[in-house]
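Here are the chains, one letter per residue:
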Amino acid sequence: MYPRKKPSSGGDYVVRDAPSDIVRGRPSRPPRQSTYPDEPPSSLPPEGEALLDAHLPRPPRVPGDLPYVSPPASEPTREPIGKTRVKRSTLRPLAPGHAVDVVRGATMDAVGSSGAPAPPRRDELKRALDSLAKTPPDEVFLAVEALHRFDDDQVLAALEKHFPGPLWFDRRHLRALPTANQVSALGCALVSYGDRAVPALGRLLVDRGPEPRFYAALICQSIADARLLRPLGRVALGSDSGARTVALAALKAQAGLAGYQGLLAWMRQVAVGQKTRQVWRVRSLAALATLGDATALDVMLECLGERDRSIARAAHEALVVLTAHDLGSMRLQWRRWRKTQGNLPRVAWLIDGLSDRRDTIRRHALHELERISGIELNLPEDAPRSAFLEARERFTRWWQTTAPR
C-alpha cells in the first residue's frame, strides 16, 4: 500500500491506493513505419495491397497463369571434392588379418574417369554479376552470355534480388520511354532469359517498391507472356504515375495475348463499381482510354453522369482520349454522337479527329494513328490545320486498304 499525503499549499500531490499493481490490457501497437522516411503520409493503402480491397474485384486469371512462387532457396553448401571423407565398409573381413576398405569418390566412376563436372561456385557467380553490373551498354552482350553457364534458377534469383542495378538513364529527365535493353545491364540479362524470367518479373511488379516496379514494367515491354497481365494490371492502377504509364505501354505490347480482353473487362468493372474507391475508378477510366478500348465507350458515358464530379471529369477526359472528339461534359451531346458514330471502329473516330479545330485534339489523333498504322508523318509542331487535313486523306486511303472485310 502507498501512504496517503494530505494536500498542502506547497504544491504537494495526493498518492491514492491503487487496487492492483498489475495493469491488465492489450498493449497498443507501435505506429507503422514507412519504408521511406521522407515519404509523406498517404491515405492510400500500400501498393501491393491496393487491389486486394474487399470491394474491388481481382484481375481475371488467364491461361497459363501460375500461382505465386517464392524465390528459389539457396542450395546447401557442398563439401569440396578434395576433402571427401573415406567411408569404411561395414562388411566383416573374410579371414583374420584381412580387411576391406571401400572408398567412394564424389565425381569418380568405377573405372576412375571423371564424371559430371562440378557446378560453378557461388563466388564465381557473384564475380560474374559484379562484372555485369559494371559493363557499359556497348559491351553488355558478352557479360550476359557469361551468365548462361550458371544454373538458371540461381542466376534469376540473384538478378531479382539486385534488380535494377546501376541504371543507364535518369528517370527524372525522360522525354520518351526507353526500351527494355536500355534500362541496365541486369535488365538486359533478364530480357535474355525470355519467358523463364516471367515469375521473377511478376514478383518485382507486385512485391517490391515503386522504383523496381517501374523498371520491371519497362522490361515487360519486350516479353509477351499472359502471366504478366495480372501484375501489369495492378501497376496500371497503382499510385506511381510513372509506373502507370510504363505498365500501360507494356500492356499495349501484350494486346494480342489470350486474356487481354478479360483484363479490359475487369477494368470496365472497376470503373463502374459503385462500391469501388474513387481513386481506382478514376485510374481505370484513364487506363481504358489509354489502351484504346472502344467497348468502354458506354461505360464512360455512364460515368459521365456520376454525382461525384471527380469521376465525371475523369470520364470526360477519357472520352476525349478515346474518341479524339470533345463534345463537352453533358451526356446529351455524347449520346447523339454515340447513335451516329458509336458503331464505327476507333480508327474512324481518330481519322475524323484530324479535322478538329483544336490543335491538341488533332495532335493526339495523329499520334494514335501513327502508332496504330506504323506510318510516320513527322509533322512539325506548328503545322497548320491544312497539313492535318492532308494527313486525314492519307490515313483514309490506308484504312480503306487495310480494314478488315
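Up top is the structure.
These numbers were taken from a predicted model, which means no experiment stands behind them.

### Considering the environment of G233
- Assignment of secondary structure puts G233 in helix α7 (residues 229-236).
- A relative accessible area of 0% means that G233 is categorised as buried.
- Once the C-alpha coordinates of G233 and L251 are considered, the two residues, 18 residues apart in sequence, prove to be 8.0 Å apart.

### Focus on the side chain of R363
- Examined against the element boundaries, R363 turns out to sit in helix α15 (residues 359-373).
- When neighbours within four sequence positions are excluded, R363 is seen to be in contact with L379, P380, E381, A383 and F388.

### Quick notes on the side chain of T135
- Its place among the elements puts T135 in the loop between α1 (122-133) and α2 (140-147).
- Separated by 2.6 Å, the side chain of T135 and the backbone oxygen of S131 make a polar contact.
- In this structure T135 touches V140, A143, W168 and A185, once residues within four positions along its chain are discounted.

### As for the packing of helix α6 (residues 210-219) against helix α8 (residues 241-253)
- Running from amino to carboxyl end, α6 crosses α8 at an angle of 20°, the nearest separation of the two axes being 8 Å. Here α6 is positioned roughly parallel relative to α8, judged by the angle of their axes. Note that α6 runs across α8; the crossing there is left-handed. In contact with F214, A217 and L218 of α6, α8 contributes G242, A243, V246, A247 and A250.
- By residue class, the composition of the contact of α6 with α8 is seven nonpolar, one polar and no charged.

Definitions and limits used
- Residues numbered from 1 in each chain as written.
- Predicted model: local features only at pLDDT ≥ 70, side-chain atom pairs only at ≥ 80, totals over all residues.
- Heavy atoms only, no water.
- Helix = DSSP H or I, 4+ residues; strand = E, 2+ residues; numbered from the N terminus.
- Buried < 20%, exposed > 50% of the residue type's maximum accessible area, 1.4 Å probe, protein only.
- Contact = heavy atoms within 4.5 Å.
- Polar contact = N/O pair within 3.5 Å; in protein donor to acceptor, adjacent residues only side chain to side chain.
- Axes fitted to C-alpha atoms, helices over the stretch in contact; angles between N-to-C directions.
- Parallel < 35°, antiparallel > 145°, perpendicular 65-115°, else oblique.
- Left-handed = near helix turned anticlockwise from the far one by under 90°.
- Nonpolar A, V, L, I, M, F, W, Y, C, P; charged D, E, K, R; others polar.

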